[in-house]
Amino acid sequence: PQAFPMLVGDMDNSGSLNAQVLHLVAERIRTKAVFQTHQAKFVTWQFDGEYRGDDCTATLTLGNPDLLGESGEWDVVPPRPGCQARGGPSAEDCVVPAVILVAHFLQSITSRLVLGGEMVYHRRPGEEGAILTLAGKYTALKWVATLNVGYGGAHASYYHRANEQVSV
């Protein structure tokens, strides 16, 4: 059994750090925070929340460059009186951080069929968008087939167990 909260990380000779904090909030709810620095400056951070039900899984991920140290990408809010470019006297009230938000949901429809989807939203200076991908997985006794369909096209996979020693 694992003990929570759990802190895992590594640091190289230049002081760059990769760290994860895992916490089991409740029996079915797990959270994770990931932090990365490069030579003592924040590069990125990410927060995950995951729920595992009896027949479904839901995950929400929020990622962003260094929000606290302001070393990541920032965007000026739609023009308002007094807003100036980054670094101006009133910039603190007029900028928002670049952000990535990812939501996953998978639901078992039957013991063999799982359907779900993923939504990715991103915002950064001069760009904003969302992409939705739908997914399905069917598991038979000796084979598994998956299909993902989204903005970028479709991807299908097939796995077949011929016998104990050979899988295709």
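Criteria and cut-off values
- Residues numbered from 1 in each chain as written.
- Predicted model: local features only at pLDDT ≥ 70, side-chain atom pairs only at ≥ 80, totals over all residues.
- Heavy atoms only, no water.
- Helix = DSSP H or I, 4+ residues; strand = E, 2+ residues; numbered from the N terminus.
- Buried < 20%, exposed > 50% of the residue type's maximum accessible area, 1.4 Å probe, protein only.
- Contact = heavy atoms within 4.5 Å.
- Areas by Shrake-Rupley, 256 points an atom, 1.4 Å probe, with all protein chains shown as cover.
- Salt bridge = Lys/Arg side-chain N within 4 Å of Asp/Glu carboxyl O.
- Phe/Tyr/Trp six-rings, centres within 6.5 Å; stacked < 30°, edge-to-face > 60°.
- Polar contact = N/O pair within 3.5 Å; in protein donor to acceptor, adjacent residues only side chain to side chain.
- Pairing = 2+ DSSP bridges.

Right, let's get into the overall build of the protein. When helices and strands are tallied, the protein shows zero helices and 12 strands. Traced from its N-terminal end to its C-terminal end, the protein shows the element sequence β-β-β-β-β-β-β-β-β-β-β-β. Here the protein holds 168 residues, and 19% of them are scored as buried. For the protein, long-range pairs separated by at least 24 residues make up 22% of all intrachain contacts whose partners lie at least 6 apart in sequence. With an accessible surface of roughly 11,600 Å², the protein has 60% of that area assigned to carbon and sulfur atoms.

Moving on, we get to the pattern of salt bridges. Any two side chains of opposite charge can pair, given that their charged atoms come close. Tallied over the full model, the rule gives four salt bridges. The closest approach of N and O atoms between Arg-30 and Glu-50, which form a salt bridge, is 3.7 Å. Of this pair, Arg-30 sits in strand β3 (residues 29-38) while Glu-50 sits in strand β4 (residues 41-52), placing them 20 residues apart in sequence. The class of Arg-30 is partly exposed, set by a relative accessible area of 32%.

What follows concerns the packing of aromatic side chains. Taken as a whole, this structure holds four aromatic pairs when the rule is applied. Ring geometry for Trp-45 against Phe-47: centres 4.9 Å apart, planes inclined by 55 degrees, an arrangement best described as tilted. On the accessibility criterion, Trp-45 (10% relative accessible area) is buried. With 5.9 Å between their ring centres and 35 degrees between their planes, Trp-143 and Tyr-158 make a pair best called tilted. Of the two residues, Trp-143 sits in strand β11 (residues 143-150) while Tyr-158 sits in strand β12 (residues 153-160), which places them 15 residues apart along the sequence. Taking relative accessible area as the criterion, Trp-143 reaches 30% and is therefore assigned partly exposed. By the ring-pair criterion, three or more aromatic residues cluster together here, those being Phe-35, Trp-45 and Phe-47.

Note on placement: Ser-16 falls in the loop between β1 (6-11) and β2 (17-26). Note on Ser-16: relative accessible area 9%, which makes it buried. A distance of 3.3 Å separates a polar atom in the side chain of Ser-16 from a polar atom in the side chain of Ser-14. In this structure the side chain of Ser-16 is engaged in a polar contact, spanning 3.3 Å, whose partner is the side chain of His-38. The contacts of Ser-16, once residues within four sequence positions are left out, are Asp-10, Met-11, Thr-37, His-38 and Gln-39.

A separate point is the pairing of β11. Bridging between strand β10 (residues 127-139) and β11 involves seven bridges; their strand directions are antiparallel. Bridged to Lys-137 within β11 is Thr-146. Where β10 folds back on β11, the antiparallel hairpin that results is connected by three residues. Pairing of β11 with β12, which is carried by eight bridges, proceeds in the antiparallel orientation. Each bridged residue has a counterpart across the sheet, and for Val-144 the counterpart in β12 is Tyr-159. Connecting the antiparallel pair β11 and β12 is a turn made up of two residues.

Glancing now at the side chain of Thr-61. Following the sequence through the fold, Thr-61 ends up in strand β5 (residues 56-64). Judged by its relative accessible area of 14%, Thr-61 falls in the buried class. Here the side chain of Thr-61 touches Asp-48 through a polar contact of 2.9 Å, side chain to side chain. Excluding residues that lie within four positions of it along the chain, Thr-61 makes contacts with Gln-46, Phe-47, Asp-48, Ile-100, Leu-101 and Val-102.

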